[in-house]
Amino acid sequence: MSIGFFDSGVGGITVLAEALKQLPRENYIYYADTDHVPYGTKSKEQVKRFVLEAAEFMVAQGIKALVVACNTATSIAINDLRAKYSFPILGMEPAVKPAVEKNGSKRILVTATPLTLREEKYQNLIAKFDKDHMVDGLALPELVEFAENFVFDSNIIQSYLLQKLEGYDLSVYGTVVLGCTHFSFYKDCFRKVFGPGTLVIDGGVGTVNHLKKVLTDRGLCQDAEGKVIFYSSGRKQPDNTKYAQYLKILQVANSASQA
Ligand code: DGL
């Protein structure tokens, strides 16, 4: 059986890429809800309905675990999903806890969708871990549109970020949290804008580490061919060209940051 990966669009591919690295002998179903993306500017009720419909579809294809590779969908629907299904369901939330633990005395900027930042789940996270009021939140919904439209020109992205950050003193931030999976495509742009003294973190690797552990603990690992089937809102994609281009963007970015 496959592992299901779900996102409103292409953002979850940033997490899938890590899974393909760590768990290459699994098969995957990647469901992008392209009919309804973006989620981050929609109502809670709409997003909940979209996520539950998508999950039902994925379950019908046969999945042994589900990764909700979307912070927005997680904050709205993870409890409903876990109440409904008994297989392992992993969600994602902005990495506030590790940021606070690692950060030292500098401020932390959490970037996410407007809906994630508004939601109770995020407010609870802040109340629990940001005791010293070191965290600021910034919604960057246009980054989702950029990623969906395959805009990867770093000049465009960096000037957008600088425009959103106008009036901010960037030197006060020790850590920037990417609390939306779409934003991880732009990690290097964040690094360039904030400079080498600021750590830019996301939840991709942590989520996949957790997935690996859950599959191992439950004896659910497989020795399969590492196939990915992509769906756009329930329509199987005849070929993987579009998604392969996004995976390629990540490979290029990774090899450049390791060079
Ligand atoms: N990728 C999603 C997230 O992690 C949501 C983007 C959107 O649809 O607005 O929050």
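What counts, and where the lines are drawn
- Residue numbers run consecutively from 1 along every chain, following the written order of its sequence.
- The predicted origin of the model limits local features to residues at a pLDDT of at least 70 and limits the giving and counting of side-chain atom pairs to 80 or more, whereas totals for whole chains, interfaces and linings rest on all residues.
- The basis for every side-chain value is the complete set of heavy atoms in the structure, and neither hydrogens nor water enter the calculation.
- A pair of strands is considered paired only if DSSP assigns at least 2 bridges between the two.
- Secondary structure elements follow DSSP: runs of H or I of four or more residues count as helices, runs of E of two or more count as strands, with numbering from the N terminus.
- Three labels apply to residues, based on accessible area from a 1.4 Å probe with only protein chains included: buried if under 20% of the type maximum, exposed if over 50%, partly exposed otherwise in between.
- Note on definitions: a residue-residue contact is assigned when non-hydrogen atoms from the two residues lie within 4.5 Å.
- The aromatic pairing rule takes the rings of Phe, Tyr and Trp, using the six-membered ring of Trp, and pairs them if the centres are within 6.5 Å, calling planes under 30 degrees apart stacked, those over 60 edge-to-face and the rest tilted.
- Nearness is judged by heavy atoms alone; a residue qualifies as near a molecule or strand once a single heavy atom is within 4 Å of it.
- Any N or O atom pair separated by 3.5 Å or less is treated as a polar contact, with the protein-specific requirement of one donor-capable and one acceptor-capable atom, and with residues adjacent in sequence counted only for side-chain atom pairs.
- For the accessible areas, the method is Shrake-Rupley and the probe is 1.4 Å, while residue cover comes only from the protein chains on display.
- Three classes are used, and their members are as follows: Ala, Val, Leu, Ile, Met, Phe, Trp, Tyr, Cys and Pro are nonpolar, Asp, Glu, Lys and Arg are charged, and the others, Gly among them, are polar.
- Within this analysis, the arc is defined by the directions that extend from the helix axis to the C-beta atoms.
- When charges are counted, neither His nor the chain ends are considered; positive counts come from Lys and Arg and negative counts from Asp and Glu.
- Here a salt bridge means any side-chain nitrogen of Lys or Arg lying within 4 Å of a carboxyl oxygen belonging to Asp or Glu.

**Student:** Outline the sheet that holds strand S2 (residues 28-32), listing residues and values.
**Tutor:** Here we have six strands laid out as an open sheet, ordered S4-S3-S1-S2-S9-S10, and mixed in their pairing. For this open sheet the edge positions go to strand S4 (89-90) and strand S10 (235-236), each flanked by a neighbour on one side alone. Pairing of S2 with strand S9 (residues 228-232) involves five bridges; the strand directions are parallel. Opposite Tyr31, over in S9, you have Tyr231 as the bridge partner.

**Student:** Could you give an account of the environment of Gly174, with specific residues and numbers?
**Tutor:** Within the secondary structure, Gly174 is located in strand S7 (residues 173-178). Gly174 sits in the buried class, given a relative accessible area of 11%. Taking the C-alpha atoms as reference points, Gly174 and Lys106, separated by 68 residues in sequence, lie 4.9 Å from one another. Setting aside residues up to four positions removed in sequence, Gly174 forms contacts with Asn103, Lys106, Arg107, Gly197, Thr198 and Leu199.

**Student:** Tell me about the packing of aromatic side chains, residues and numbers included.
**Tutor:** One pair of aromatic rings is described through two measures. These are the centre distance and the angle between the planes. Tallied over the full model, the rule gives 19 aromatic pairs. A centroid spacing of 6.3 Å and a plane angle of 40° characterise the contact between Phe6 and Tyr39, whose relative ring orientation is tilted. One end of the pair, Phe6, is in strand S1 (residues 2-7); the other, Tyr39, is in the loop between S2 and helix H2 (44-61), with 33 residues separating them in the sequence. As far as burial versus exposure is concerned, Phe6 and Tyr39 are alike and both buried. Measuring from centroid to centroid gives 6.0 Å for Phe152 and Tyr246, while their planes differ by 75°, and the two rings are edge-to-face. Taken as a pair, Phe152 in the loop between helix H7 (141-148) and helix H8 (154-164) and Tyr246 in helix H11 (residues 241-258) lie far apart in primary sequence, 94 residues in all. Tyr246 sits in the buried class, given a relative accessible area of 2%. An aromatic cluster is built from Phe6, Tyr31, Tyr39, Phe50, Phe57 and Tyr231, whose rings are joined through pairwise contacts.

**Student:** Can you lay out the site of the ligand for me, pointing to particular residues and giving the numbers?
**Tutor:** The environment of the ligand is formed by 14 residues, the closest being Ser8, Tyr39, Gly40, Thr72 and His182. Note that a nitrogen atom of the ligand is positioned 2.8 Å from one of the side-chain N or O atoms of His182. Here the ligand loses 99% of its free accessible area of 300 Å² to cover by the protein chains. Residues of the shell around the ligand, tallied by class, amount to six nonpolar, seven polar and one charged.

**Student:** Can you explain helix H4 (residues 96-103)? Please cite residues and give values.
**Tutor:** Every buried residue of H4 is listed here: Val96, Ala99 and Asn103. Buried residues of H4, seen end-on, are gathered within an arc of 65° and therefore sit on one face of the element. For H4, the exposed residues lying more than 90 degrees away from the buried face are Glu101 and Lys102. Elements that come into contact with the buried residues of H4 comprise strand S5 (107-112), helix H6 (120-129), S7 and strand S8 (199-201). Gly104 occupies a position one or two residues after H4 and carries a positive phi of about 80°.

**Student:** Which residues make up the side chain of Asp7, and what values go with them?
**Tutor:** The topology assignment puts Asp7 in strand S1. The side chain of Asp7 sits in the buried core without any salt bridge; Lys242 is the nearest counter-charge, 10 Å away. A polar side-chain atom of Asp7 sits 2.9 Å from the main-chain amide nitrogen of Gly11. Once residues within four sequence positions are removed from consideration, Asp7 is found in contact with Gly12, Tyr30, Tyr31, Ala32, Asp33, Ala69, Cys70, Thr181 and His182.

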